[in-house]
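An overview of the molecular structure
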Amino acid sequence: MSNQELRSTSRGTRIQVVVRVRPVLPTELNEEVAVTCTPDGSKVQVLMSHRDGGKQMLPGATRSGARSYDFDACLTGSTSQDELFELCGMQELVEAALNGYSVTVFAFGQTGSGKTHTMIGPRLSRAADEAAGGEAGPGGTARRGGGSGGSEVSPDDGLLTRCLHTAYA
């Protein structure tokens, strides 16, 4: 399913499952990429580690050890926060919430998979880490918002920040 098709089909559905594959970290560049999106953006492929002589392959795994899973969309690590907001129909969800409908958006995954980056972005994540760790800015006060004082959404801001900006803009 292309990103355009996701936009057109997601408007009429109640539940949508979108997978966002985080970019490969610099420490992982020498390793084989384990999770990728298919070119059509509808499946995520997980490379299973090879066992001695190929024993103990999971049911449905290919000979190469890769397994595919279908989702409404699979977004690559190069997908921007703005593209994610648009492709997932977040504008419509904010409007539905403001009209009294129940709306839930959540991120699920193991540690380091990009949940915080997706939901709040690196700028607010750093500010939360600093506040929790007690790191103080100049004058002994905790820094807020990574040094940015404006109410504009930055390109790195996550879904929560963008939803709040949409609701109160």
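Report on the accompanying structure. (Residues numbered from 1 in each chain as written. Predicted model: local features only at pLDDT ≥ 70, side-chain atom pairs only at ≥ 80, totals over all residues. Heavy atoms only, no water.)

**A word on the side chain of Thr118**
This is how it is decided: A run of DSSP states H or I qualifies as a helix once it reaches four residues; a run of E qualifies as a strand once it reaches two. Both are numbered from the N-terminal end. Any pair of N or O atoms that falls within 3.5 Å is considered a polar contact. Within protein, one atom must be able to donate a hydrogen and the other to accept it, and sequence-neighbouring residues count only if both atoms are side-chain atoms.
Within the fold, Thr118 resides in helix α4 (residues 115-119). A distance of 3.1 Å separates the side chain of Thr118 from the side chain of Arg20, its partner in a polar contact.

**Comments concerning helix α6 (residues 159-168)**
Keep this limit in mind: Exposure is judged per residue with a 1.4 Å probe applied to protein chains only, and the accessible area is read against the type maximum: over 50% gives exposed, under 20% gives buried, and values in between give partly exposed. By definition, residues are in contact when any of their heavy atoms lie within 4.5 Å.
Within the sequence span of α6, burial applies to Leu159, Thr161, Arg162 and Cys163. Among the structural elements, α2 (81-87), α3 (90-98), α4 and α5 (121-133) are those in contact with the buried residues of α6.

**Quick notes on the packing of α3 against α6**
Under the convention used in this document: Angles run from 0 to 180 degrees between N-to-C directions of axes, and those axes are lines fitted to C-alpha atoms, restricted for helices to the stretch in contact. Note on terminology: angles under 35 degrees are roughly parallel, angles over 145 are roughly antiparallel, angles of 65 to 115 are roughly perpendicular, and the others are oblique. A crossing counts as left-handed when the near helix is turned anticlockwise from the far one by less than a right angle, and as right-handed when that turn is clockwise. In this classification, Asp, Glu, Lys and Arg are treated as charged, Ala, Val, Leu, Ile, Met, Phe, Trp, Tyr, Cys and Pro as nonpolar, and every other residue, Gly included, as polar.
Packing of α3 against α6 leaves a shortest axis separation of 10 Å and a crossing angle of 55 degrees. On the basis of their axis angle, the class for α3 and α6 is oblique. Where α3 crosses over α6, the handedness of that crossing is right-handed. Within the contact between the two elements, α3 uses Met90, Gln91, Val94 and Leu98 and α6 uses Leu159, Cys163, Thr166 and Ala167. Taken together, the residues of the contact of α3 with α6 sort by class into 6 nonpolar, 2 polar and no charged.

**A closer look at the environment of Leu159**
Inspection of the secondary structure assignment puts Leu159 in helix α6. Classification of Leu159 as buried rests on a relative accessible area of 5%. Leu159 sits 77 residues away from Asp82 along the chain, and the two C-alpha atoms are 8.5 Å apart. With residues up to four places along the chain from it excluded, the contact list for Leu159 reads Leu84, Phe85, Met90, Val105, Thr118 and Met119.

**A closer look at the pattern of salt bridges**
Note the threshold: Definition used for salt bridges: Asp or Glu carboxyl oxygen within 4 Å of a side-chain nitrogen of Lys or Arg.
For the coordinates displayed, the defined rule picks out 2 salt bridges. With its nearest N and O atoms 3.9 Å apart, the salt bridge here joins Asp70 to Lys43. Taken together, the residues Asp70 in strand β4 (residues 66-70) and Lys43 in strand β3 (residues 43-47) connect sequence positions 27 residues apart. Overall, Lys43 belongs to the partly exposed group, its relative accessible area being 32%. One salt bridge connects Asp82 with Arg162, and the closest N-O pair in it is separated by 3.6 Å. Of this pair, Asp82 sits in helix α2 while Arg162 sits in helix α6, and the two are 80 residues apart along the sequence.

**A word on the side chain of Thr79**
Within the element layout of this structure, Thr79 appears in the loop between β5 (73-75) and α2. Of the residues examined, Thr79 reaches a relative accessible area of 10% and is grouped as buried. Within the local environment of Thr79, its side chain forms a polar contact with the backbone oxygen of Thr76, the two atoms lying 3.0 Å apart.

**Re the state of the cysteines**
Joining two cysteines, a disulfide is a covalent bond between their sulfur atoms. Under the convention used in this document: The rule for a disulfide is simple: a pair of cysteine sulfur atoms within 2.5 Å.
Here the structure, examined in full by the defined rule, presents 1 disulfide. Through a disulfide, Cys37 is tied to Cys74; the S-S separation comes to 2.0 Å. In this structure, the disulfide formed by Cys37 and Cys74 twists by about -70 degrees around the S-S bond and is classed as left-handed. In this pair, Cys37 sits in strand β2 (residues 35-37) while Cys74 sits in strand β5, placing the two residues 37 residues apart along the sequence. We note that Cys37, like Cys74, is buried. The structure places no disulfide on Cys88, whose sulfur is separated from the nearest cysteine sulfur, that of Cys163, by 10.0 Å.

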